[in-house]
Amino acid sequence: MKTRTLGCSGPEVSAVGLGCMGMAAFYGQASDEAQATAVIHRALDLGVTFLDTAEMYGPHTNELQVGKALADRRDRAFVATKFGIGYNADRTALKVDGSPANVRRAIEGSLQRLGMDHVDLYYLHRVDPDTPIEETVGAMGELVKEGKVRFLGLSEAAPATIRKAHATHPITALQTEYSLWSREPEDEILATVEELGIGFVPYSPLGRGFLSGDIKSIDDLAADDFRRSNPRFMGENFQKNLDLVDAVGAIAADKGVTPAQLALAWVLAQGEHLVPIPGTRRIRTLEDNAAAADIVLSAEDLSRIEAVFPKGAASGDRYAPAGRSALNR
């Protein structure tokens, strides 16, 4: 597995990471402990060292899965987790809390569930509009001094927020959705993090699985899969987006790779400071995704992809209203 450096002076991690969310939440029935452990162990064997989880995933259960899987091999993994967002009591709305008190509460819970004395990268999952970012990041910085956290990150933060945060304490990584069908970071975000020497971690680099080409019908998703309420999977948007994926699939076939591998290779080609974290609960998919790190796209390849899947081509918003309300703009 090739490696990349998060930021100008950050840690070295695998060029392709592993998003662990789907093992515990949002995509139908959760993986059992054995299945989650098998995938994580195989990831490590492949050289995939960068594992991503969060307090919200489950909630809490994904951190438990990751912690148990790494109990006897902690030194082989670079572990990132996130705090600061969750559901209200009846799960009808999201709530964001970036207060210093919640920074302290959250890290203690994450460390306990993970069974670790520190996490390698600690993200603010969503920016709290009611707490100045300097206060949140200042409190996160105290965790670095205490040795409970090695590096700090933000998720879905706007350029002005990133600058304020980075001035308070060095930010090592920004995690934001980025893929062929979610290219908003190209407007300002990518230039901002490159200027500041911050690594960029695209989540959902396969469009929540859609870009893999494996989802042909809404009926391919479990009844409780949250993607059924995602605008890009609904109504006429589904077919329009499927047509785009089919066009990319034809290019992938010409190169002898899978659509997912082509989509990941496209993300990797956008800059050496990008480290995508595709998620899966299947070993075969994990192996295919990891192999994308070795795929080189020529200028002609990139032009062909751009021609059939240009920026803004995806139909529908990337989040339903509840999810959009938690984004920092």
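Conventions used here
Residues numbered from 1 in each chain as written. Predicted model: local features only at pLDDT ≥ 70, side-chain atom pairs only at ≥ 80, totals over all residues. Heavy atoms only, no water. Helix = DSSP H or I, 4+ residues; strand = E, 2+ residues; numbered from the N terminus. Rg over C-alpha atoms; globule rule 2.2 N^0.38 Å. Buried < 20%, exposed > 50% of the residue type's maximum accessible area, 1.4 Å probe, protein only. Contact = heavy atoms within 4.5 Å. Areas by Shrake-Rupley, 256 points an atom, 1.4 Å probe, with all protein chains shown as cover. Core = buried A, V, L, I, M, F, W, Y, C linked by side-chain atoms within 4.5 Å. Axes fitted to C-alpha atoms, helices over the stretch in contact; angles between N-to-C directions. Parallel < 35°, antiparallel > 145°, perpendicular 65-115°, else oblique. Left-handed = near helix turned anticlockwise from the far one by under 90°. Nonpolar A, V, L, I, M, F, W, Y, C, P; charged D, E, K, R; others polar. Phe/Tyr/Trp six-rings, centres within 6.5 Å; stacked < 30°, edge-to-face > 60°. Expected span 1.5 Å × (residues − 1). Salt bridge = Lys/Arg side-chain N within 4 Å of Asp/Glu carboxyl O. Polar contact = N/O pair within 3.5 Å; in protein donor to acceptor, adjacent residues only side chain to side chain.

For the protein, the name recorded in an unreviewed UniProt entry is Aldo/keto reductase, with Brevundimonas kwangchunensis as its organism.

Another point: the overall build of the protein. Assigned secondary structure in the protein consists of 11 helices and 11 strands. Against the 2.2 N^0.38 benchmark of 20 Å for 329 residues, the protein shows a C-alpha radius of gyration of 19 Å, consistent with a compact globule. With the principal axes as the frame, the protein shows a C-alpha extent of 50 × 40 × 40 Å. Among the 329 residues that make up the protein, the fraction classed as buried is 57%. At a minimum sequence separation of 6, the contacts of the protein that also span at least 24 residues come to 75%. Element-wise, carbon and sulfur atoms account for 50% of the exposed surface of the protein, whose accessible area totals about 13300 Å².

This next bit is on unusual backbone geometry. What you tend to see is this: most non-glycine residues have negative phi, and most peptide bonds are trans. Residue P59 follows G58 across a cis peptide bond; omega there is -5°. Along the polypeptide, P59 turns up in the loop between β4 (50-52) and α2 (61-69). The phi dihedral of H60 falls on the positive side, at around 80°, and the residue is not glycine. Positioned with a positive phi, R208 is a non-glycine residue whose angle comes to about 55°. Tracing the chain through its elements places R208 in the loop between β11 (199-203) and α7 (235-255).

With 78 residues, the main nonpolar core has L18, L70, Y122, L154, I162 and L174 as its most contacted residues. For Y122, the residues in contact, after removing those within four places along its chain, are T81, F83, V103, A106, I107, M140, L143, V149, F151, L152 and G153. Counting 15 residues, the second-largest nonpolar core is a separate cluster that includes F78, A80, A173 and I277.

Here we come to the packing of helix α4 (residues 133-145) against helix α5 (residues 159-168). Where α4 meets α5, the closest approach of the two axes is 9 Å, and the angle between their N-to-C directions is 40°. Our classification of the angle between α4 and α5 gives oblique. The two elements α4 and α5 cross, and the hand of that crossing is right-handed. Across the interface between the two elements, I133, E134, V137 and G138 from α4 touch T161, K164, A165 and T168 from α5. Residues of the contact of α4 with α5, tallied by class, amount to three nonpolar, three polar and two charged.

Turning next to the packing of aromatic side chains. Counted under the stated rule, the structure contains 10 aromatic pairs. Consider the rings of F83 and Y122, whose centres lie 5.0 Å apart with planes at 15°: the pair is stacked. With F83 in strand β5 (residues 78-83) and Y122 in strand β8 (residues 119-124), this pair connects stretches of sequence that are 39 residues apart. Pair check on accessibility: F83 and Y122 agree, each one buried. Geometrically, the ring pair formed by F210 and F233 is edge-to-face, given 5.2 Å between the ring centres and 75° between the ring planes. Separated by 23 residues along the polypeptide, F210 in the loop between β11 and α7 and F233 in the loop between β11 and α7 bring together distant segments of the chain. Ring-pair connections join several aromatic residues into one group, and the members of that group are W181, F210, F233 and F238.

Now for helix α3 (residues 100-114). Under the 1.5 Å per step criterion, the end-to-end length of α3 is 21 Å for 15 residues, consistent within 8% with the ideal 21 Å. Along α3, the positions that sit buried rather than exposed are N102, V103, A106, I107, G109, S110, L111, R113 and L114. Residues of α3 that are buried in the fold lie against α2, β5, β8, α4 and β9 (149-155). Looking one or two places after α3, you find G115, whose phi comes out positive at around 70°.

Take the pattern of salt bridges next. Following the criterion strictly, the structure yields 28 salt bridges and no others. Its salt-bridge partner being R76, residue D45 comes within 3.1 Å of it at the nearest N-O pair. With D45 in helix α1 (residues 33-45) and R76 in the loop between α2 and β5, this pair connects stretches of sequence that are 31 residues apart. For the salt bridge of E55 with R113, the shortest nitrogen-to-oxygen distance reads 3.9 Å. Of the two residues, E55 is situated in the loop between β4 and α2 and R113 in helix α3; the sequence distance between them amounts to 58 residues. When its relative accessible area of 16% is taken as the criterion, R113 is described as buried.

It is worth spelling out the environment of E33 at this point. Along the chain, the position of E33 falls in helix α1. The class of E33 is partly exposed, set by a relative accessible area of 45%. Here the alpha-carbon distance between E33 and K68, two residues 35 residues apart in the chain, equals 8.2 Å.

Turning next to the side chain of K82. Relative to the assigned elements, K82 resides in strand β5. Judged by relative accessible area, which is 0%, K82 ranks as buried. Engagement of the side chain of K82 in a polar contact is seen with the backbone oxygen of T53, the distance being 2.8 Å. With near-sequence residues (within four places) excluded, K82 lies in contact with D52, T53, A54, E55, Y57, Y123, H125 and Q175.

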